[in-house]
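Geometric and topological summary
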Amino acid sequence: MEQILAFVLGAGAGLIIWGVVVAFRTAKLVKQNEESIRNVELWISRNDEMVHRRIDQEVDRVNNLHSDSISFTNSRVDKLESKITTKEILKG
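Overview of the structure. (Residues numbered from 1 in each chain as written. Predicted model: local features only at pLDDT ≥ 70, side-chain atom pairs only at ≥ 80, totals over all residues. Heavy atoms only, no water.)

Turning to the overall build of the protein chain, a few remarks are in order. When its secondary structure is counted, the protein chain shows 1 helix and 0 strands. What you see for the protein chain is a C-alpha radius of gyration of 39 Å, clearly larger than the 12 Å of a compact globule of 92 residues, by over 25%. Principal-axis analysis of the C-alpha atoms places the extent of the protein chain at approximately 130 × 15 × 5 Å. Buried residues in the protein chain amount to 0% of all 92 residues. Summed over its atoms, the accessible surface of the protein chain is roughly 8800 Å², and 64% of this surface lies on carbon and sulfur atoms. Across the protein chain, the 13 positively charged side chains and the 13 negatively charged ones have centroids separated by 8 Å. (Helix = DSSP H or I, 4+ residues; strand = E, 2+ residues; numbered from the N terminus. Rg over C-alpha atoms; globule rule 2.2 N^0.38 Å. Buried < 20%, exposed > 50% of the residue type's maximum accessible area, 1.4 Å probe, protein only. Areas by Shrake-Rupley, 256 points an atom, 1.4 Å probe, with all protein chains shown as cover. Lys, Arg positive; Asp, Glu negative; His and termini not counted. Charge placed at Lys NZ, Arg CZ, Asp CG, Glu CD.)

Structure (structure tokens):
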């Protein structure tokens, strides 16, 4: 009976020690995972900022192209109009 009690107490003590070791390893792993998550969130945030900046640059570029094309078209139309007006004046 004493041997069974000693065995149970010994096994229980061993399990408690093993449980404490596992708890500390788990806590360490949790800290590592939290740091990894923070790094990934920072990386995503930086990439998101770069994507938005690039989108804004592209929108500005397209707006400039649009303005330039409108300006060029107006210039061509004005030249055409002046040629037509000049020819009508000469004919009339």
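All right, on to the environment of Val20 then. If you trace the backbone, Val20 turns up in helix α1 (residues 2–91). Its relative accessible area of 41% is what places Val20 among the partly exposed residues. In this structure the C-alpha to C-alpha distance between Val20 and Ile70, which are 50 residues apart in sequence, comes to 74 Å.

This paragraph deals with the pattern of salt bridges. One pass over the structure, following the stated rule, counts 4 salt bridges. Between Glu49 and Arg53 there is a salt bridge, with the nearest N and O atoms lying 2.7 Å from each other. One end of the pair, Glu49, and the other, Arg53, are both in helix α1, 4 residues apart, so they sit about a helical turn from each other. A salt bridge links Glu58 to Arg61; its shortest N-O distance comes to 3.1 Å. Of this pair, Glu58 and Arg61 are both found in helix α1, 3 residues apart, which corresponds to roughly one turn of the helix. In the salt-bridge network here, residues are joined through shared partners; they are Arg54, Glu58 and Arg61. (Salt bridge = Lys/Arg side-chain N within 4 Å of Asp/Glu carboxyl O.)

What follows concerns the environment of His52. Among the secondary structure elements, His52 is positioned in helix α1. Given the relative accessible area of 44%, His52 is considered partly exposed. For the pair His52 and Leu65, spaced 13 residues apart in the sequence, the C-alpha separation amounts to 20 Å.

Turning to a nonpolar patch on the surface, a few remarks are in order. A surface patch of nonpolar side chains, amounting to about 340 Å² of accessible area, comprises Ile4, Phe7 and Val8. Judged by relative accessible area, which is 55%, Ile4 ranks as exposed. (Patch = residues over 30% accessible without salt bridge, like charges linked within 9 Å, V, L, I, M, F, W, Y side chains within 5 Å.)

This next bit is on a positive patch on the surface. The grouping of Arg76, Lys79, Lys83 and Lys87 at the surface amounts to a positive patch. One can find Lys79 in helix α1.

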